[in-house]
Structure formats: C-alpha cells, structure tokens
Amino acid sequence: MATGFLSPVALRTPGFRLLLATLDGEPAGSAGAHLDHGAAGMMGVATLPAARRRGIGTALTVGCLAHAAEEGCDLSWLQSEPAARTIYERLGFEVVSDWVVWTR
C-alpha cells in the first residue's frame, strides 16, 4: 500500500516505522511514524475503502503512538483531511494550525 507514498530510502530511515493492518489476511491499511528528537510525526494513515469504518485507522494511529511513547516521544503531530478529524480528536489531538498546500 505504501509503495506509491514512500520511497525505499524512507523505509530505511532511522526512527521510521511503517505499520500494516490486515483484514482476513489481506492488506487493509497502513500508517507511518517518523521519530526524531522526542517528537513523532504520523503520516500516511490510510485504510482501503472496503475496510473503512472498522476502527483500522484508529488502531494504526494508536499503534504509532504506542511506539512513539516506548521510544520516549512526548510530542506527536499529524496532518489530517477533514473526514478523519474526529478520529484524531478522540485520540486527544487538537488543531493548532492549518496547512496550506500550493500546487502548480
């Protein structure tokens, strides 16, 4: 699932972890966490459309947070699309800024 999102170099970066969720033995979702200097950036939390609304995205995020806590991180951040915002708010995340994306 993450091959189009992450390069092989990113997958070998120290402090990076990729979690894969399966459903009935098949990939259903993935999430990444990059740990650096006590902070954890969550990225690429995604669930396949057929596997949504089963708690997989939440479980992946909690797994990333648990790994970050085990490694001593005391700050976690992420960017979310509006549809997923309530998931992260339930996990204790708060909106602190908006992200502006410029495209060409």
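Now for a look at the structure at hand.

**Considerations on the sheet that holds strand β4 (residues 75-77)**
Next up, step 1: Across the sheet, 4 strands lie side by side as β1-β2-β3-β4; this open sheet has mixed pairing. One side of each edge strand has no neighbouring strand; the edge strands of this open sheet are β1 (16-23) and β4. If you compare each strand with its neighbour and ignore which way they point, the axes differ by 25° on average.
Next up, step 2: With 8 bridges joining them, β1 and strand β2 (residues 26-36) adopt antiparallel strand pairing. Bridged to L18 within β2 is G32.
Next up, step 3: Docked against the sheet, helix α2 (residues 56-70) engages β1, β2, β3 (39-47) and β4, running at close to 30° with respect to β2.

Cut-offs applied
- Residues numbered from 1 in each chain as written.
- Predicted model: local features only at pLDDT ≥ 70, side-chain atom pairs only at ≥ 80, totals over all residues.
- Heavy atoms only, no water.
- Pairing = 2+ DSSP bridges.
- Helix = DSSP H or I, 4+ residues; strand = E, 2+ residues; numbered from the N terminus.
- Axes fitted to C-alpha atoms, helices over the stretch in contact; angles between N-to-C directions.
- Contact = heavy atoms within 4.5 Å.

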